[in-house]
Amino acid sequence: LKMSAMLETPELPAVFDGVKLAAVAAVLYVIVRCLNLKSPTAPPELVYQDSALARFLLKSCPLLTKEWQFSGCPLTWTNCSGHIQTALYGKMGRVRSPHPYGLRKYLTMPDGATATFDLFEPQSEHCIGEDVTMVICPGIANHSEKQYIRTFVDYAQKNGYRCAVLNHLGALPNIELTSPRMFTYGCTWEFGAMVNYIKKTYPQTQLVVVGFSLGGNIVCKYLGESQANQERVLCCVSVCQGYSALRAQETFMQWDQCRRFYNFLMADNMKKIILSHRQVLFGDNNMKKPQNLSDADLSKLYTATSLMQIDDNIMR
């Protein structure tokens with residue numbers, strides 16, 4: 001037995017090295033395939049109606065027809081994978097992210113909720129000499145302190161725009177809820193209150209409505225709810241809007257393009273926000289707590305791994 005063990009021992013490291021090499025190769029193959037690293041960079045595919053406005057936009061924004069590079073980086077692995085771009089920008093952020101200075105405004109809603117938004121004044125004169133205000137609705141669970149919002153606001157200020165950025169109800173970590181209600185995917189009350197404040201405070205200003213992701217749904221819904229909501233609005237810009245929540249439910253559960261993973265991350269973020277306000281939303285002193293909301297429903301919230309599970313068990 002000792003002789004056999006001595007003879008077999010020298011061969012074991014080679015076997016293990018082969019297994020490790022195969023495992024590393026398999027992982028690299030999955031990364032290359034999932035992150036789309038082999039695809040060459042290419043200009044975006046544009047879908048538009050041939051009109052004078054479309055031609056003007058294409059002429060004014062030549063970047064739309066060029067190959068896009070992440071932060072000016074020529075490396076192929078950063079440019080061809082949206083997943084890497086999201087990870088780098090979403091987690092690491094910019095090297096020197098701007099910190100625009102704004103005033104926080106508080107608005108009391110009819111149900112006792114306290115809506116907040118941040119107001120940023122322009123830092124230069126607008127190119128056409130007009131008073132133009134961007135009313136901005138961030139993405140899901142986002143607010144004015146997010147890096148992509150700060151960067152956008154800083155650029156807009158330097159180009160002569162006043163900016164008003166809605167903070168989704170319950171999203172700011174240092175602002176407590178004053179009623180048992182937080183933001184939802186279709187509620188336009190807080191955004192409408194912010195727009196009305198801007199219209200009354202600046203009677204001469206024109207509005208550019210901007211919505212990011214979920215905010216795109218909210219601003220489009222707001223403009224379509226009433227003809228009066230479109231007064232003094234020059235245009236609406238919807239960035240990365242998810243157009244159909246019903247169709248997105250099925251898509252979000254697919255593993256293709258890491259969608260299920262992103263679904264898990266967004267659900268985890270939503271859970272943290274909801275649970276940070278659990279005393280106001282679900283506390284025993286909450287007289288408006290739904291009678292059919294049981295401890296079993298709350299336990300489903302703790303174990304939820306997708307936005308749909310949170311919607312079905314809590315938000316609806």
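An unreviewed UniProt entry lists the chain under the name Monoacylglycerol lipase ABHD2, with Cariama cristata as the source organism. Looking at the chain in UniProt, the text filed under Subcellular location (unreviewed entry) is "Cell membrane". In its Sequence similarities (unreviewed entry) section, the UniProt record describing the chain reads: "Belongs to the AB hydrolase superfamily. AB hydrolase 4 family."

Participant: Would you mind going over the pattern of salt bridges with me for this structure?
Facilitator: Any two side chains of opposite charge can pair, on the condition that their charged atoms come close. All told, the structure shown has 11 salt bridges when counted by the stated rule. Between Asp118 and Arg104 there is a salt bridge, with the nearest N and O atoms lying 2.8 Å from each other. Pair noted here: Asp118 is in strand β2 (residues 114-120) and Arg104 is in strand β1 (residues 103-108), with a separation of 14 residues, a long-range link. With a relative accessible area of 7%, Asp118 lands in the buried category. Under the relative-accessibility criterion, Arg104 is labelled partly exposed at 23%.

Participant: Looking at this model, I keep getting lost on the nonpolar core. Mind explaining?
Facilitator: Side chains of a nonpolar character, in soluble globular proteins, are inclined to be buried together. One finds Val135, Met182, Phe183, Phe191, Ile198, Met270 and Ile274 to be the most contacted residues of the largest nonpolar core, which totals 44 residues. Viewed by domain, this core spans two of them, domain 1 (103-243) and domain 2 (251-315), each represented by three or more residues. Those residues in contact with Met182 that lie beyond four places of it in its chain are Leu169, Leu177, Met270, Ile273, Ile274, Leu281 and Met315. Met134, Ala156, Cys163 and Val208 belong to the second-largest nonpolar core, a separate cluster that totals 12 residues.

Reading guide: rules and limits
Residues numbered from 1 in each chain as written. Predicted model: local features only at pLDDT ≥ 70, side-chain atom pairs only at ≥ 80, totals over all residues. Heavy atoms only, no water. UniProt positions renumbered as here; feature names shortened; annotations may be inferred. Salt bridge = Lys/Arg side-chain N within 4 Å of Asp/Glu carboxyl O. Helix = DSSP H or I, 4+ residues; strand = E, 2+ residues; numbered from the N terminus. Buried < 20%, exposed > 50% of the residue type's maximum accessible area, 1.4 Å probe, protein only. Core = buried A, V, L, I, M, F, W, Y, C linked by side-chain atoms within 4.5 Å. Domains from an automatic or database assignment. Contact = heavy atoms within 4.5 Å.

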